[in-house]
Amino acid sequence: MKLQLSRWVVALALMTAVSCTAATPAELPDHIASITSEQPTLAPGVHLILGGFVAGRQPDGNSVIFSGKDGLVVVDTGRHATQSDAILAYAAQQHRSVAAVINSHWHLDHVSGNSRLRAIFPHLVVYASSAIEAAMSGFLADSRESGKQFLSQSGDPGQQADVRADIATIDSGKALFPDVKVVRSGLRTVAGRPLQIGYAAWSVTAGDLWVYDPASHILVAGDLVTLPAPFFDTACPRHWKTALAELDKVKFATLVPGHGMPMSHTQFSEYRRGFVRLLACAESTAPKAQCIEAWVVDAAAWLSDESNRKLARGLLDYYIDGVLRGDPAKQASLCGG
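What this report covers is the structure whose coordinates are included nearby. (Residues numbered from 1 in each chain as written. Predicted model: local features only at pLDDT ≥ 70, side-chain atom pairs only at ≥ 80, totals over all residues. Heavy atoms only, no water.)

**Digging into the packing of helix H8 (residues 237-249) against helix H9 (residues 265-283)**
- H9 packs onto H8 with a crossing angle of 160° between their chain directions and a minimal axis gap of 10 Å. By the angle class used here, H8 and H9 are roughly antiparallel. Crossing handedness for the pair H8 and H9: left-handed. Here Pro237, Trp240, Lys241, Leu244, Ala245, Leu247 and Asp248 of H8 come into contact with H9, specifically with His265, Phe268, Ser269, Arg272, Phe275, Val276 and Leu279.
- Across the contact of H8 with H9, the residue classes tally to nine nonpolar, two polar and three charged. (Axes fitted to C-alpha atoms, helices over the stretch in contact; angles between N-to-C directions. Helix = DSSP H or I, 4+ residues; strand = E, 2+ residues; numbered from the N terminus. Parallel < 35°, antiparallel > 145°, perpendicular 65-115°, else oblique. Left-handed = near helix turned anticlockwise from the far one by under 90°. Contact = heavy atoms within 4.5 Å. Nonpolar A, V, L, I, M, F, W, Y, C, P; charged D, E, K, R; others polar.)

Below you can see the structure in the form of structure tokens.
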């Protein structure tokens with residue numbers, strides 16, 4: 001991964017609620033039927049489709065599918081076609097329609113699959129915060145220009161394709177806004193399944209959602225929890241720290257992060273302690289390298305190989321200078337001030 005592209009690698013995102021030509025589940029692309037999922041069923045009626053980082057390409061966030069009385073509920077739809085293909089294949093295998101999408105936040109690696117799902121299931125409803133509205137004329141607009149500059153240079157074809165796709169998604173404009181704007185935490189019945197949808201203001205973005213399923217005791221955290229390191233591109237660290245404290249109060253047994261493998265409540269508490277220590281170190285006069293290595297030690301349980309450790313170090317090398325110790329005025333704007 002090239003750090004100068006980290007704005008795209010850690011990625012922006014967008015709510016896609018694009019109106020598409022009506023289609024039925026029978027009109028799935030031919031190759032969907034051949035996809036077999038080797039990814040885990042976390043509990044009865046709860047299926048995980050792992051995202052991931054592929055060398056030289058933009059990431060996909062994790063997707064979680066809940067089975068409701070009135071259809072499937074998909075939490076986050078990824079960026080690449082491979083992620084949305086896996087969601088569509090699971091729906092076909094279950095002979096269920098996708099009734100709803102809940103987007104944890106507006107970064108592209110969590111929402112770019114929305115339009116593909118709408119093309120197959122045109123009546124699905126997208127739930128999200130309204131943070132995309134301000135991001136569209138701010139961070140996303142700036143990122144679009146950064147992407148255009150990148151495309152003006154010669155580069156890796158895969159990265160060029162990803163940036164073109166991201167720009168096309170941003171260009172969808174107001175059609176990308178959610179159908180149902182979530183502005184506060186509360187219990188909702190979505191597609192016939194009771195889910196607690198939590199709202200965290202000015203954390204990873206201006207408005208982040210998390211989803212807790214009381215039936216399975218599974219919590220889907222979006223990018224409030226990410227591995228191999230926290231992603232700070234659009235974040236307000238101090239409010240994010242508060243949001244993690246609120247998550248720790250939820251009586252979940254398993255947490256699915258926005259990126260990385262599921263963790264127990266005890267493991268999440270360890271992640272939270274490491275996050276707090278990382279912020280404290282970044283706020284101090286300690287050398288940047290010391291803060292980075294402290295995180296690598298705190299997150300050792302998840303950084304199982306050198307490639308993960310290298311990625312964590314590279315991300316934090318960028319974030320500590322660019323965000324955590326960056327322009328105070330920019331930090332204030334990311335915290336709503």
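There is more to say, and it comes next.
**Observations regarding unusual backbone geometry**
- The residue after Leu227, namely Pro228, is reached through a cis peptide bond having omega 15°.
- Structurally, the position occupied by Pro228 is in the loop between strand E11 (218-226) and H8.
- Of note in this structure, Asp76 is not a glycine but carries a positive phi near 70°.
- Along the polypeptide, Asp76 turns up in the loop between strand E4 (71-75) and helix H2 (81-94).
- Relative accessible area serves as the criterion here: at 2%, Asp76 is assigned to the buried category.
- You will see that His217, though not glycine, has its phi angle at about 60°, which is positive.
- Within the element layout of this structure, His217 appears in the loop between strand E10 (207-213) and E11.
- In this structure His217 comes out as partly exposed when scored by relative accessible area, which is 37%. (Buried < 20%, exposed > 50% of the residue type's maximum accessible area, 1.4 Å probe, protein only.)

**Some details on helix H6 (residues 139-151)**
- With 13 residues, H6 extends 18 Å between its outermost C-alpha atoms, agreeing within 8% with the 18 Å of an ideal straight helix rising 1.5 Å per residue.
- All buried positions along H6 are accounted for by Phe139, Leu140, Ser143, Gly147 and Phe150. Buried positions in H6, seen along its axis, are confined to an arc of 85° and lie on one side of it. (Expected span 1.5 Å × (residues − 1). Arc of directions from axis to C-beta.)

**Observations concerning the nonpolar core**
- Ranked by size, the top nonpolar core spans 44 residues in total, and within it Leu219 and Phe232 carry the most contacts.
- Of all the secondary structure elements, the ones that give two or more residues to this core are E10, E11, H8, H9, helix H10 (288-298) and helix H11 (306-324).
- Here this core gets eight residues from one element, more than from any other, and that element is H11.
- In contact with Phe232, not counting residues within four places along its chain, are Pro237, Trp240, Phe275, Leu278, Leu279, Leu316, Tyr319, Val323 and Leu324. (Core = buried A, V, L, I, M, F, W, Y, C linked by side-chain atoms within 4.5 Å.)

**Description of the pairing of strand E9 (residues 193-201)**
- Bridging between strand E8 (residues 186-190) and E9 involves five bridges; their strand directions are antiparallel. Across the sheet, Gly186 pairs through a bridge with Ile197, a residue of E9.
- Between E8 and E9, which pair antiparallel in sequence order, lie two residues; one of them, Ala191, sits at a positive phi of approximately 55°.
- Pairing of E9 with E10 involves six bridges; the strand directions are antiparallel. Residue pairing across strands places Ile197 opposite Val211, the latter belonging to E10.
- With antiparallel pairing between neighbouring strands as the criterion, E9 and E10 make up a hairpin whose turn holds five residues, including Trp202 at a positive phi of roughly 50°. (Pairing = 2+ DSSP bridges.)

**Points about the layout of surface pockets**
- Here the second largest pocket is characterised by a volume of approximately 330 Å³.
- As for the second largest pocket, its lining consists of 15 residues, of which Trp106, Ala135, Phe139, Ser333 and Leu334 are closest to the centre.
- Considering only residue class, the lining of the second largest pocket consists of eight nonpolar, four polar and three charged. (1 Å grid on protein atoms, 1.4 Å probe; cavity = no way out; pocket = protein on both sides within 12 Å on 5 of 7 lines; lining within 4 Å. Points joined across faces, edges and corners; volume = space filled by probe spheres on them.)

**With respect to the state of the cysteines**
- For the coordinates displayed, the defined rule picks out two disulfides.
- Across the disulfide, Cys236 is cross-linked to Cys335 (sulfur-sulfur distance 2.0 Å). Measuring handedness by torsion sign, the sulfur bridge of Cys236 and Cys335 sits at about 95° and is right-handed. Of this pair, Cys236 sits in the loop between E11 and H8 while Cys335 sits in the segment after helix H12 (328-334), and the two are 99 residues apart along the sequence. Of the two residues, Cys236 and Cys335, both sit in the buried class.
- Between the sulfur atoms of Cys281 and its disulfide partner Cys291 the distance amounts to 2.1 Å. (Disulfide = S-S within 2.5 Å.)

**Regarding the sheet that holds E11**
- Pairing is mixed in the open sheet, where six strands are placed in the order E8-E9-E10-E11-E12-E13. One side of each edge strand has no neighbouring strand; the edge strands of this open sheet are E8 and strand E13 (263-264).
- Sheet analysis places E10 next to E11, joined by three bridges and oriented antiparallel. Along E11, the bridge assignment pairs Val211 with Val220.

**A closer look at the side chain of His105**
- Tracing the sequence through the fold places His105 in the loop between strand E5 (98-102) and helix H3 (108-111).
- If we skip the residues at most four places from it in the chain, His105 touches His110, Val111, Thr205, Gly207, Asp208 and Asp223.

**Side note on the sheet that holds strand E3 (residues 63-68)**
- Spatial ordering of the open sheet is given by E1-E2-E3-E4-E5-E6-E7, a layout of seven strands whose pairing is mixed. Two strands bound the open sheet, and with one partner strand each, they are strand E1 (41-43) and strand E7 (180-181).
- In this structure, E5 lies alongside strand E6 (residues 125-128), joined through three bridges in parallel fashion. Its bridge partner lying in E6, Ile102 is registered against Tyr127.

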